[in-house]
4 protein chains.
Amino acid sequence: MGKSTFGNTFTVTTWGESHGKALGAVIDGCPAGLSLCEEDIQKYLNRRKPGQSRFTTARKEDDLVEILSGVFEGRTTGTPISIMVRNTDQRSRDYGNIATSYRPGHADYTFDQKYGFRDYRGGGRSSARETIGRVAAGAIASKILGELGIRFCTYSKSIGSVSISHIDPEEINRNAFYMPDAEAASKAAAYLEDCMSRKDSAGGVVECRITGVPAGLGDPVFGKLDAILAQAVMSIGAVKAVEIGDGTAVTSLNGSTDNDGFCMKDGNITKTSNHAGGIMGGISDGSEIILRASIKPTPSISQPQQTVSSAGEELSLEIHGRHDPIIVPRAVVVVESMCALTIVDALFSNMSARMDRVKEFYSEL
Amino acid sequence: MGKSTFGNTFTVTTWGESHGKALGAVIDGCPAGLSLCEEDIQKYLNRRKPGQSRFTTARKEDDLVEILSGVFEGRTTGTPISIMVRNTDQRSRDYGNIATSYRPGHADYTFDQKYGFRDYRGGGRSSARETIGRVAAGAIASKILGELGIRFCTYSKSIGSVSISHIDPEEINRNAFYMPDAEAASKAAAYLEDCMSRKDSAGGVVECRITGVPAGLGDPVFGKLDAILAQAVMSIGAVKAVEIGDGTAVTSLNGSTDNDGFCMKDGNITKTSNHAGGIMGGISDGSEIILRASIKPTPSISQPQQTVSSAGEELSLEIHGRHDPIIVPRAVVVVESMCALTIVDALFSNMSARMDRVKEFYSEL
Amino acid sequence: MGKSTFGNTFTVTTWGESHGKALGAVIDGCPAGLSLCEEDIQKYLNRRKPGQSRFTTARKEDDLVEILSGVFEGRTTGTPISIMVRNTDQRSRDYGNIATSYRPGHADYTFDQKYGFRDYRGGGRSSARETIGRVAAGAIASKILGELGIRFCTYSKSIGSVSISHIDPEEINRNAFYMPDAEAASKAAAYLEDCMSRKDSAGGVVECRITGVPAGLGDPVFGKLDAILAQAVMSIGAVKAVEIGDGTAVTSLNGSTDNDGFCMKDGNITKTSNHAGGIMGGISDGSEIILRASIKPTPSISQPQQTVSSAGEELSLEIHGRHDPIIVPRAVVVVESMCALTIVDALFSNMSARMDRVKEFYSEL
Amino acid sequence: MGKSTFGNTFTVTTWGESHGKALGAVIDGCPAGLSLCEEDIQKYLNRRKPGQSRFTTARKEDDLVEILSGVFEGRTTGTPISIMVRNTDQRSRDYGNIATSYRPGHADYTFDQKYGFRDYRGGGRSSARETIGRVAAGAIASKILGELGIRFCTYSKSIGSVSISHIDPEEINRNAFYMPDAEAASKAAAYLEDCMSRKDSAGGVVECRITGVPAGLGDPVFGKLDAILAQAVMSIGAVKAVEIGDGTAVTSLNGSTDNDGFCMKDGNITKTSNHAGGIMGGISDGSEIILRASIKPTPSISQPQQTVSSAGEELSLEIHGRHDPIIVPRAVVVVESMCALTIVDALFSNMSARMDRVKEFYSEL
């Protein structure tokens with residue numbers, strides 16, 4: 001499919017630019033009868049909202065969501081759910097040389113090359129605001145998954161050179177970085193203050209753990225669960241690597257140390273370890289799914305940078321205004337949302353994988 | 001789309017099991033008029049053929065390709081190209097406890113969970129032989145790209161703990177590991193001999209570099225070039241991580257060190273560095289595309305391993321027969337093939353990105 | 001794909017219910033650089049607007065379109081175009097037995113069967129208002145086609161038993177029925193008055209003729225141009241048959257009378273007749289494309305009708321309020337829109353059909 | 001999707017030319033555990049085999065099917081099912097002016113226009129032999145449907161001007177035309193003899209009735225069941241119109257005569273008539289689905305016909321060799337197959353339409 005629609009059965013189509021009238025998404029293939037209200041979506045959007053700490057942009061956006069279709073008397077109807085967030089900060093301003101020169105690390109140059117021109121206001125479609133549609137859809141996907149006992153635990157695993165040393169889920173929502181380790185969060189704050197003092201920015205790692213996923217999800221060979229998760233997460237701006245389970249570390253393991261053995265526990269088959277990160281042969285194995293995304297430093301920095309104008313003149317660019325010195329914390333809910341969208345779609349696709357279950361399903365209607 | 005078809009405009013559908021009658025692929029959306037013969041495909045298949053060194057399985061397969069449709073008088077006709085490779089080694093044998101127990105690190109357990117039973121002969125559909133269809137299709141994609149000046153340089157970047165220190169393209173086809181560094185290749189041989197003596201296996205990294213890709217390929221936001229490359233490469237069995245450009249290393253860079261500046265060179269806009277790996281905002285920027293895949297150690301090892309039977313009995317499993325002690329060298333052409341398929345599809349999709357070019361195209365017919 | 005998205009490269013996703021907050025569409029894959037404003041879309045929406053004659057429902061809707069994204073400084077940017085029409089007539093009212101009983105000829109029963117419940121206000125998603133998104137997208141598709149010299153002539157061919165005897169394009173917009181024959185239009189008015197006096201409704205035929213379509217569009221075998229046109233037009237509510245060229249009449253022709261011969265005209269190959277309706281083997285042949293849709297009578301009639309409640313009680317239903325006594329005139333622009341969407345998508349897909357043209361395209365960048 | 005793949009969840013990809021090495025199909029998304037052997041498919045292929053009466057081409061083809069993958073120990077494994085039929089009649093011959101001139105009523109001209117050249121042997125990809133892949137896939141779809149109690153009754157409704165007057169299912173397989181009316185079949189024979197004596201050909205109507213389809217199948221608004229059936233059937237070569245239920249006849253009905261009332265029967269909601277042909281609002285209503293395809297006369301006739309060469313010279317063409325004087329009888333199983341493929345796909349898609357059913361499905365695993 002590509003372009004602006006994701007998924008096969010449960011799909012999301014996103015639209016909108018940073019400084020256009022609004023941004024939104026159309027979610028299609030949502031089962032009828034799911035209890036849903038705007039507050040269900042708003043609380044996910046609030047997790048990506050700017051202005052929540054001194055480490056995020058000061059841009060003020062309420063990002064209030066409106067459900068325009070697909071919900072009747074508090075329940076989804078099975079028809080497309082259209083959601084919209086109005087941009088409240090569209091005032092005309094002087095974009096200065098942003099409009100005519102290429103910001104390093106941004107998509108300005110490639111958009112011009114592909115489309116011939118671009119909406120230069122705030123990055124247009126390539127702005128991080130584009131993820132509003134993903135998160136709104138992810139909130140709906142997460143609600144479906146919650147009813148099936150599937151839970152997410154997503155957090156910042158590292159901020160620059162500062163990594164967590166343990167996972168305390170309770171801590172995640174207590175610090176500005178969504179880190180599950182209070183001490184690491186405090187070191188991260190110091191690390192970032194230093195970056196900011198040098199007019200620089202930092203990257204980091206988001207990790208997503210998903211429990212309760214039944215064995216059997218994923219469609220070999222091109223719709224493997226890890227393959228679609230990789231597409232989903234790599235499609236987020238600023239992500240430069242996706243790892244499943246031990247990820248890049250498998251390259252220095254041996255078969256004897258990477259393989260997960262099987263054993264019996266309480267009468268059920270289970271694994272003795274989880275190097276695979278819950279996916280074997282592209283299909284979920286019933287254990288925890290573990291995924292990591294490597295996120296690059298915010299490209300907008302206020303240091304002078306070498307670049308060119310669209311007319312081909314070399315120049316030194318200084319980007320004014322305040323920007324997030326780090327993308328990672330606000331990306332946590334975006335990574336979680338893309339994983340939720342992937343899992344829901346795999347769940348629905350899997351319903352017709354076996355003839356005995358298809359027969360049972362239709363014999364009960 | 002998912003399942004067994006990849007791509008939107010230029011698509012490949014693969015089929016076949018390790019010990020079934022044959023394996024193959026249907027390539028659809030190939031432009032008419034491309035010169036194509038079986039030898040074009042055979043030379044790619046030969047790159048993944050087993051039995052080429054003491055580091056690959058002794059299983060003897062000629063893997064001779066047959067083109068069944070879509071080519072007439074030496075040229076593609078625009079209709080589906082069906083290719084097939086007969087399995088010559090289908091003799092009935094005793095699969096012993098492989099048939100009833102779950103090999104660690106394999107998809108045996110998850111296939112049983114998803115489908116209720118499985119073709120246990122040699123891994124069935126989850127065998128690495130499944131990649132025959134991908135490579136055959138990749139050969140056709142590469143031929144198209146070659147006519148447009150797009151070239152691949154793909155190699156093993158590391159084997160276990162042994163990494164290359166430089167890239168000598170001439171060297172790649174001179175050693176059993178497809179490493180572009182003779183000294184590293186010789187160390188890799190020693191490393192693997194040691195692994196094999198311990199009845200163990202090793203992983204490593206495949207790197208793919210693509211030159212000549214025009215700026216503008218990739219379809220934000222879900223069909224971004226890096227997103228589809230990630231899906232394509234993660235869908236290969238044994239791949240556990242995909243990186244673009246600096247990949248996981250971006251997490252410890254700062255904006256000032258990760259951003260690629262722009263400058264003028266010979267009258268053209270170019271970048272001063274390529275941390276991004278040739279893709280900005282999901283769209284190719286005209287510089288070299290760089291991608292890495294982390295590949296896990298071969299799961300089949302002859303050491304005893306802890307596992308369970310499908311009936312739920314714990315047991316110690318020894319896998320007999322000789323297996324590749326490392327997947328990496330044979331995966332090189334598979335990674336290249338998946339990248340080629342992705343680039344071709346993005347090329348065709350991009351043809352309608354601008355109204356002026358659409359008009360020019362149709363005004364010339 | 002199915003569900004609420006149509007097309008492969010140029011796609012439209014529609015959303016919205018009759019009495020929800022709004023209806024709309026997201027158009028993706030529109031080439032960048034197309035001049036576009038709200039008025040371009042509004043004039044198409046006005047063609048389907050109710051309340052224009054005594055033969056359409058008195059429901060008052062301005063159906064003012066708003067473009068929310070994808071257009072910058074008067075031109076499309078290549079990103080998704082989101083359009084929305086607010087429902088102005090959402091006042092709470094008593095839907096009476098409509099909410100709990102099944103209107104004959106409507107989708108009430110099947111929506112309940114599929115989804116478990118339904119938005120019963122004005123038909124919800126199955127209302128003819130759903131076509132607003134189609135027409136808005138069709139307006140954009142038509143604008144693209146217009147720049148390529150492709151023109152539509154769409155009209156009511158028959159209203160009940162009254163058929164046109166000739167085609168005068170100038171006449172189409174002069175009567176309430178969009179009939180290209182003034183005399184037929186006047187007979188149709190009398191026919192409908194009679195229907196209305198009997199509290200009954202009428203059906204008819206919409207015909208669409210498309211000129212300027214280059215030879216070569218359509219993708220055998222499942223993406224044939226006639227096949228996708230058939231899906232596109234049959235997906236419009238109330239359409240019960242789709243014909244191409246001579247349509248059902250071919251069944252009583254012979255090969256000698258149905259075949260279109262070829263001849264030379266002004267140095268170009270052309271056909272001596274057009275029984276095929278411009279499509280041969282699923283591919284456009286350069287002559288006029290001719291398509292017809294058979295549209296059933298409006299199911300909402302104020303006569304008592306036999307039906308049941310959702311609780312399973314038999315009852316006699318009288319549908320109050322004024323409804324269009326005929327769907328045909330307002331369906332004209334909907335049929336045209338679906339054809340335009342199909343042709344644009346086929347145009348873009350066709351750009352990669354030949355290797356020589358692909359090479360030329362990329363060599364010129 | 002388009003091109004050579006049909007379906008979303010249960011998909012078929014067909015390949016092959018009339019005089020190439022072989023033809024075939026890849027069926028993906030077939031549930032695991034379905035009992036399947038080559039004979040299941042062969043008996044469907046035999047229904048379209050030529051040479052069965054004096055009214056079909058004398059070309060001798062056994063069309064023996066081979067299953068190459070996806071079936072293990074007599075059951076489908078859930079992986080792609082590859083089927084192949086070798087062409088046995090590929091001898092080199094003189095195609096004479098067929099190779100360089102355009103046969104009226106055929107796709108020769110449009111293939112040349114689209115692809116630049118064509119495989120002219122026997123029509124290549126545009127030959128009716130292309131339907132072998134459809135029928136093989138349809139056989140598998142029909143087997144799935146049969147296990148769910150869904151049955152097809154497909155037959156020739158008319159041959160030229162000869163129509164059936166009643167439906168006797170037992171009679172269908174007793175005559176060369178698959179007509180459910182012995183007297184009509186005998187008149188059809190006389191009609192065709194006359195056509196053949198005039199070196200001419202005839203068209204007709206295929207009707208397909210499907211019983212046992214549960215209410216709820218079909219995905220508004222673009223994946224409506226009637227819309228996908230229309231695409232499926234119109235994609236068959238020679239089909240020029242598709243009708244659902246009363247089809248074109250609805251245009252002269254009134255709402256009062258076209259609407260199907262509802263009543264109770266044995267405690268269940270049922271309809272008092274079936275003008276709609278089993279589909280309301282694009283969703284199956286549980287009653288019989290009725291579809292008709294209008295099929296044009298065989299374009300290959302041995303009368304001289306006016307045409308041009310690819311070089312642009314006018315000429316009179318006589319097509320030698322014996323051809324079917326009518327396509328209709330052999331199209332019966334093709335129409336049935338396309339309908340079966342559509343229904344299976346809609347069945348699988350529908351499994352996730354309601355949240356309560358999704359929850360029940362996964363709670364039982």
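Rules used throughout
Residues numbered from 1 in each chain as written. Chains lettered and ligands numbered in written order. Predicted model: local features only at pLDDT ≥ 70, side-chain atom pairs only at ≥ 80, totals over all residues. Heavy atoms only, no water. Axes fitted to C-alpha atoms, helices over the stretch in contact; angles between N-to-C directions. Helix = DSSP H or I, 4+ residues; strand = E, 2+ residues; numbered from the N terminus. Parallel < 35°, antiparallel > 145°, perpendicular 65-115°, else oblique. Left-handed = near helix turned anticlockwise from the far one by under 90°. Contact = heavy atoms within 4.5 Å. Salt bridge = Lys/Arg side-chain N within 4 Å of Asp/Glu carboxyl O. Nonpolar A, V, L, I, M, F, W, Y, C, P; charged D, E, K, R; others polar. Least-squares fit on C-alpha atoms with pLDDT ≥ 70 in both. Buried < 20%, exposed > 50% of the residue type's maximum accessible area, 1.4 Å probe, protein only. Arc of directions from axis to C-beta. pLDDT = per-residue confidence, 0-100. Pairing = 2+ DSSP bridges. Phe/Tyr/Trp six-rings, centres within 6.5 Å; stacked < 30°, edge-to-face > 60°. Lys NZ or Arg CZ within 6 Å of the ring centre and 35° of its normal.

Asks: Report on the packing of helix α3 (residues 131–147) of chain B against helix α7 (residues 328–349) of chain B, specifying residues and quantitative values.
Replies: The geometry of a pair of packed helices is captured by two quantities: the angle between their axes and the separation between those axes. Residues and elements named next belong to chain B. At a minimum axis distance of 8 Å, the contact between α3 and α7 shows a crossing angle of 50 degrees. Judged by the angle between their axes, α3 and α7 are oblique. Helix-helix and strand crossings are classified by hand; for α3 and α7 the assignment is left-handed. Contact residues: α3 offers Thr-131, Arg-134, Val-135, Ala-137, Gly-138, Ala-141, Ser-142, Ile-144 and Leu-145, while α7 offers Val-333, Val-334, Ser-337, Met-338, Ala-340, Leu-341, Ile-343, Val-344, Leu-347 and Phe-348.

Asks: Hey, could you go over the interface of chain D and chain B for me, with residue numbers and the actual values?
Replies: On the side of chain B, 41 residues touch chain D, which itself brings 41 residues to the contact. If you look at where chain D meets chain B, you find 6 salt bridges. Of all elements in the fold, only β2 (11–16), β3 (22–28), β4 (65–67), β6 (75–76), β7 (81–86) and α2 (108–115) of chain D reach the threshold of two or more residues within the side of chain D that touches chain B. When residues of the side of chain D that touches chain B are assigned to their parent elements, the largest contribution, 4 residues, is made by β2(D). Across the side of chain D that touches chain B, the residue classes tally to 14 nonpolar, 14 polar and 13 charged.

Asks: Tell me about the relation of the copies chain B and chain A, residues and numbers included.
Replies: In the superposition of chain B on chain A (RMSD 0.0 Å, axial shift 0.0 Å), the rotation amounts to 180 degrees. Look at the turn and shift together and you get a two-fold axis relating the two. Residue B:Gln231, judged by its C-alpha, is the member of chain B lying nearest the rotation axis, at 2.4 Å. Mapped onto chain A, 100% of the interface residues of chain B are again interface residues, and the two copies thus contact each other with one and the same surface.

Asks: With reference to specific residues and values, describe helix α8 (residues 355–363) of chain B.
Replies: Where α8(B) is concerned, the buried positions are B:Met355, B:Arg357, B:Val358, B:Phe361 and B:Tyr362. Down the axis of α8(B), the buried side of the element spans an arc of 165 degrees, and every buried residue falls inside it. Looking at the buried positions of α8(B), the neighbouring elements they touch are α2 (108–115) of chain A together with α3 (131–147), α7 (328–349) and α8 (355–363) of chain C.

Asks: Tell me what's going on with the confidence of the model for chain A, and back it up with residues and numbers.
Replies: Of the residues in chain A, 96% reach a pLDDT of 70 or more, and the chain-wide mean stands at 95. For this predicted complex, the interface confidence comes out at an ipTM of 0.97, alongside a pTM of 0.98.

Asks: Explain the packing of helix α5 (residues 225–234) of chain B against α7(B) to me, and be specific about the residues and the numbers.
Replies: Residue and element names in this part refer to chain B. Interaxial distance between α5 and α7 falls to 9 Å at its minimum, and their mutual angle equals 145 degrees. Seen along the crossing, α5 lies across α7 with a hand that is right-handed. Residues Leu-225, Ile-228, Leu-229, Ala-232 and Val-233 of α5 touch α7, and the partners they reach there are Val-335, Met-338, Cys-339, Thr-342, Ile-343 and Ala-346. Of the residues assigned to the contact of α5 with α7, the class counts are 10 nonpolar, 1 polar and no charged.

Asks: Help me get a handle on the pairing of strand β12 (residues 262–265) of chain A, residues and values and all.
Replies: All names here are of chain A. Of the strand pairs in this sheet, β12 and strand β13 (residues 268–271) are connected by 4 bridges, and their pairing is antiparallel. Counterpart to Cys-263 in the pairing with β13 is Thr-270. Here β12 hands over to β13 after 2 residues, with Asp-266 in that stretch at a positive phi of 55 degrees.

Asks: With reference to specific residues and values, describe the packing of aromatic side chains.
Replies: Summed over the entire model, instances satisfying the criterion amount to 32 aromatic pairs over all chains. Seen from their ring centres, B:Tyr102 and B:Tyr109 are 5.2 Å apart, and the 75 degrees between their planes marks the pair as edge-to-face. A relative accessible area of 3% means that B:Tyr102 is categorised as buried. Judged by relative accessible area, B:Tyr109 falls into the buried class, the value being 8%. Residue placement shows C:Arg75 over the ring face of A:Phe117; its charged tip is 3.9 Å from the ring centre.

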